[in-house]
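# Descriptive structure summary
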Amino acid sequence: MAGKHFPTGGLRSTSFPFSSSLAVTSLSLLALFLTFFFFFHNNSSSSRCLLISDPLDSPLHLSKRNPNPSSDAGPPPEYSFVASLEKFLTTRAPPFSSSSPADAAGSQSVVPDDADAPTAAAKALDDSMWKEETERLYGDPLDPWSAPSVVRVYVYDMPSKFTYDLLWLFRNTYKETVNLTSNGSPVHRLIEQHSIDYWLWADLIAPESERILKNVIRVHRQEEAELFYIPFFTTISYFLLEKQQCKALYREALKWVTDQVAWKRSGGRDHILPVHHPWSFKSVRRFMKNAIWLLPDMDSTGNWYKPGQVWLEKDLILPYVPNVDFCNSQCLHDAQSERKTLIFFRGRLKRNAGGKIRSKLVEALHNTEGVVVEEGSTGESGKAAAQNGMRRSLFCLSPAGDTPSSARLFDAIVSGCIPVIVSDELELPFEGILDYRKIALFVSSKDAVQHGWLIKFLKNIDSRQIKEMQINIAKYSRHFLYSSPAQPLGAEDMTWRMIAGKLVNIKLQTRRSQRTVEGSRNLCTCECRPGNITRVF
């Protein structure tokens, strides 16, 4: 080869040039192959997600700081509501208003006095949205903007008395732990565990350069939107404002939203309303029953939601924000040998409605070896006791509360403890995507309250099944964590995946409502859902 220098005494043959070249080429290819093999093997071993075949006697392959391995390259996400809120308010929010949120002034969309004007404006918006949808339907299939998997959301710019002022109010008062509900629960902790409205909104309005999720896009023109997000913090206002202040603010928010042209166009069917605490927005939400409600469960006894207000086809169940810290891969590995308790529960032992099952379970499990049942307590000591108890137990009891759902289910999952669910009418978050039979045990209330039945049932579970469920919990736990920035496969991402699956039906109901004639059925649905009637035998 011209310009190539071969040192004297090298292994260069003049007799068999073809064989020599072939040998050198073969050795080079072999060396290249080995290099790629070891590089790939080392990288895949260190970064792979937990597999079903991974044994529990070795650390699970999830990041210690971040349960989502795919996002380790960026800054670590923040999972604490208080820490995330502090950063949000000090970097992106307007300053706190000294006036009461219920009295604070705020601009809103002006609705013309002309009675025909709202109808005309709604029709104009409807025509513009139809044109946008048509362009996406018949446009370039390779255009990411046309991808049907991308949800386009318009976020209302509501006056700060509905948004920032309420966040500031929480931030400036959350250390006042003396503020309790009628049953003794600290209101600020309740706000934290129902803070899904903050996590979703903070992600939607974040600068696009800081966002990770790509399956939901915030649009700034209403005609481009498929859904409309209402950023009103209904839980904070319920717990931190005086009763009459709160009701007044609810009425103002109701008027502000229902005056919007987009609401009038669809009757609110394409609007997302976060009401994750059962008492949130309770005094006026019947006027917004067409909207997509983000809920903790679907109790319909009349205590919380009236019949016809909530159903799975329209609304969405979201997980509570866990009260305990996430048990990462090293934590799960270390806790494995410490799980000596068979079944654990710590919480309020007396509840109403379906929650009456708790006192019956206490009687059935009393003085049983391997069982720890404790009355819950507040503060850091109560959190530590619950967290330590769950990390030292194989199974965690998750009975119904005042409503079918309970935060303990999600506390158990992020602690690596297999939930034992005793709540006959429970609906679960993201169940269209997740199979809870792989991570939890479902027991009827009729069986659970029989003396000795539950313990015998748990002791008869095969050790291989327990190990498989623990492995699946380690994989599933990321789906119940809210964070900033929102992570792929985190709770926010799973929310939008579920909503994307509802979009076609949302558009069907909207268009059907726009063309039905007088006397026809306004809503075609099947009312066959029982309430929160977990039975006490």
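Above this note sits the structure.
Heads up: these notes are all about the structure in this document. Here the structure is a predicted model, which is why all the values come from computation and not from measurement. (Residues numbered from 1 in each chain as written. Predicted model: local features only at pLDDT ≥ 70, side-chain atom pairs only at ≥ 80, totals over all residues. Heavy atoms only, no water.)

Scanning the chain from terminus to terminus reveals 17 helices and eleven strands. Expressed as a percentage of its 537 residues, the buried residues of the chain come to 50%. Nonlocal contacts in the chain, meaning residues at least 24 apart in sequence, comprise 74% of its contacts between residues at least 6 apart. When the accessible surface of the chain is summed, it comes to about 26,700 Å², and 55% of that surface belongs to carbon and sulfur atoms. (Helix = DSSP H or I, 4+ residues; strand = E, 2+ residues; numbered from the N terminus. Buried < 20%, exposed > 50% of the residue type's maximum accessible area, 1.4 Å probe, protein only. Contact = heavy atoms within 4.5 Å. Areas by Shrake-Rupley, 256 points an atom, 1.4 Å probe, with all protein chains shown as cover.)

One pass over the full model with this rule turns up 27 aromatic pairs. Consider the rings of Tyr-238 and Trp-279, whose centres lie 5.5 Å apart with planes at 45°: the pair is tilted. Taken together, the residues span a long stretch of sequence, with Tyr-238 in helix α7 (residues 234–240) and Trp-279 in the loop between β4 (271–274) and β5 (292–295) at a distance of 41 residues. Measuring from ring centre to ring centre gives 6.4 Å for Trp-293 and Tyr-305, while their planes differ by 55°; the resulting arrangement is tilted. Linking Trp-293 in strand β5 with Tyr-305 in the loop between β5 and β6 (316–317), this pair joins segments that are twelve residues apart in sequence. This pair shows no difference in class: Trp-293 is buried, exactly as Tyr-305 is. Here a set of aromatic residues connected by ring pairs shows up, and it is made of Phe-81, Phe-88, Tyr-164, Phe-170, Tyr-174, Tyr-198, Trp-199, Trp-201 and Phe-233. Here Lys-314 stacks its cationic end above the ring of Trp-311, 5.3 Å away from the centre of that ring. (Phe/Tyr/Trp six-rings, centres within 6.5 Å; stacked < 30°, edge-to-face > 60°. Lys NZ or Arg CZ within 6 Å of the ring centre and 35° of its normal.)

What follows concerns helix α12 (residues 379–391). Taking 1.5 Å per residue, 13 residues should reach 18 Å; α12 reaches 19 Å between its end C-alpha atoms and fits that length. Within α12 the residues assigned to the buried category are Gly-382, Ala-386, Gln-387, Gly-389, Met-390 and Arg-391. (Expected span 1.5 Å × (residues − 1).)

A few words on helix α11 (residues 357–365). The complete set of buried residues in α11 reads Ile-357, Arg-358, Leu-361, Ala-364 and Leu-365. Down the axis of α11, the buried side of the element spans an arc of 120°, and every buried residue falls inside it. Trailing α11 by a residue or two, Asn-367 shows a phi angle of about 55°, which is positive. (Arc of directions from axis to C-beta.)

Let us look at the pattern of salt bridges. Should their charged atoms come close, side chains of opposite charge can pair. For the structure on display, the rule yields 20 salt bridges. With a shortest N-O distance of 2.3 Å, Lys-161 and Glu-252 are connected by a salt bridge. Taken as a pair, Lys-161 in the loop between β1 (151–155) and α4 (164–173) and Glu-252 in helix α8 (residues 243–258) lie far apart in primary sequence, 91 residues in all. As a salt-bridge pair, Glu-223 and Arg-221 come within 2.8 Å of each other at their nearest N and O atoms. (Salt bridge = Lys/Arg side-chain N within 4 Å of Asp/Glu carboxyl O.)

Read across the sheet, five strands follow the order β8-β7-β9-β10-β11 without closing on themselves; strand pairing throughout is parallel. Looking at which strands have only one partner, the edges of the open sheet turn out to be β8 (371–375) and β11 (441–442). Two strands pair when backbone bridges link them, and strand β10 (residues 418–422) and β11 are joined in this way by two bridges, in the parallel orientation. Bridge pairing in β11 links Val-420 to Leu-441. Sitting on the sheet, helix α16 (residues 463–476) touches β9 (393–399), β10 and β11, and the angle it makes with β10 is about 95°. (Pairing = 2+ DSSP bridges. Axes fitted to C-alpha atoms, helices over the stretch in contact; angles between N-to-C directions.)

Phe-88, Leu-227, Phe-232, Phe-395 and Trp-496 are the most contacted members of the largest nonpolar core, which totals 123 residues. If sequence neighbours within four positions are ignored, Leu-227 has contacts with Val-151, Arg-152, Val-153, Tyr-154, Asp-270, Ile-272, Ile-292, Trp-496, Ile-499, Leu-503 and Ile-506. Met-390, Cys-396, Ala-412 and Cys-417 belong to the second largest nonpolar core, which has five residues in total. (Core = buried A, V, L, I, M, F, W, Y, C linked by side-chain atoms within 4.5 Å.)

Now for the state of the cysteines. As enumerated under the stated definition, the model contains two disulfides in all. Linked covalently through their sulfurs, Cys-327 and Cys-331 form a disulfide whose S-S length is 1.9 Å. Note on the Cys-327 and Cys-331 pair: the S-S dihedral is about -95°, so by sign convention the disulfide is left-handed. In this pair, the class of Cys-327 matches that of Cys-331, namely buried. There is a disulfide in this structure between Cys-396 and Cys-417, and the S-S distance comes to 2.2 Å. Note on the Cys-396 and Cys-417 pair: the S-S dihedral is about 105°, so by sign convention the disulfide is right-handed. Within this pair, whereas Cys-396 is found in strand β9, its partner Cys-417 is found in the loop between α13 (408–414) and β10, the two being separated by 21 residues in sequence. On the basis of relative accessible area, Cys-417 is assigned to the buried category, the value being 0%. (Disulfide = S-S within 2.5 Å.)

Remember, this is a structural readout, not a statement about activity or role.
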